[in-house]
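# Descriptive analysis of the structure
Below are the chains, spelled out letter by letter.
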Amino acid sequence: PLDLGTTASTAAAGNHTHAAATASALGLVELATNAETQNGTDAERAVTPAGLAAVTLGLRQSWIDVKASRTWNTVYTNTTGRAIAVQVCAQDTVAGNLSIELFVNGLLLSRSYASASFLLPAFAIVPANGTYEVRRVDNDDTIVSWVELR
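Everything numeric in this text was worked out from a predicted model, so none of it was measured.

### Observations regarding the nonpolar core
Nonpolar side chains in soluble globular proteins generally cluster together in the buried interior. With 20 residues, the main nonpolar core has Val86, Val88, Ile100, Tyr132, Val134 and Trp146 as its most contacted residues. Every element with two or more residues in this core is listed here: strand 3 (84–92), strand 4 (97–104), strand 6 (119–126), strand 7 (131–136) and strand 8 (141–149).

### Describing the sheet that holds strand 1 (residues 63–65)
In space, the four strands of this open sheet follow the order 1-8-3-6, with antiparallel pairing throughout. Whereas interior strands pair on both sides, the edge strands pair on one side only; in this sheet they are strand 1 and strand 6. Ignoring which end each strand starts from, the neighbouring axes of this sheet average 25 degrees apart. As paired strands, strand 3 and strand 6 are joined by eight bridges and run antiparallel to one another. Bridging across to strand 6, Gln87 finds its partner in Phe123.

### A word on the sheet that holds strand 4
Backbone-to-backbone hydrogen bonds pair the strands of a sheet. The strands run either parallel or antiparallel. Reading across the sheet, the four strands line up as 2-7-4-5 and stay open at both edges, with antiparallel pairing between neighbours. Strand pairing shows two members of the sheet lacking a second neighbour, strand 2 (76–77) and strand 5 (107–115), which therefore form its edges. Summarising the sheet, strand 2 and strand 7 pair through two bridges and their orientation is antiparallel. Across the sheet, the residue bridging to Thr77 is Thr131, located in strand 7.

### Things to note about the packing of aromatic side chains
On inspection of all chains with the given rule, the structure shows two aromatic pairs. Judged by centre distance (5.9 Å) and plane angle (35 degrees), the rings of Tyr76 and Tyr132 are tilted. With Tyr76 in strand 2 and Tyr132 in strand 7, this pair connects stretches of sequence that are 56 residues apart. As far as the burial class goes, Tyr76 and Tyr132 line up, both buried. Geometrically, the ring pair formed by Tyr76 and Trp146 is edge-to-face, given 5.9 Å between the ring centres and 80 degrees between the ring planes. In this pair, Tyr76 sits in strand 2 while Trp146 sits in strand 8, placing the two residues 70 residues apart along the sequence.

Definitions and cut-offs
Residues numbered from 1 in each chain as written. Predicted model: local features only at pLDDT ≥ 70, side-chain atom pairs only at ≥ 80, totals over all residues. Heavy atoms only, no water. Core = buried A, V, L, I, M, F, W, Y, C linked by side-chain atoms within 4.5 Å. Buried < 20%, exposed > 50% of the residue type's maximum accessible area, 1.4 Å probe, protein only. Helix = DSSP H or I, 4+ residues; strand = E, 2+ residues; numbered from the N terminus. Pairing = 2+ DSSP bridges. Axes fitted to C-alpha atoms, helices over the stretch in contact; angles between N-to-C directions. Phe/Tyr/Trp six-rings, centres within 6.5 Å; stacked < 30°, edge-to-face > 60°.

Take it as geometry only, folks, not as evidence of what the structure does.
Here it is in structure tokens:
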């Protein structure tokens, strides 16, 4: 154990002369905040389990059916504070063609095209504060499922 002082007052006042911890030496270490962990550039602070969960896709997240609150050609923003996964499946309801496009931050990440009898999936990871949108080419295409890992 590290001795931070001989009395409670010297320990509370921060009167210590211990070196910082390194990969090979014992010492004091500062814990990274979730934001510092998400930034991923600090080599001096230690990551906590909560910080790790803030940057690990799938950790303490669940697949949620959001179909009832989603529609075509609408831009949504990921406000969860961490990356999410988006999976959408579509089908054409008449004997036409099916096309589905998934955009993240305005960039086309997935485009699929098929005949009416197929189900088409689109999948993407959306970063924290990123935007996402699913577009269709013709008006006969319907969303069969829309789930998000959040």
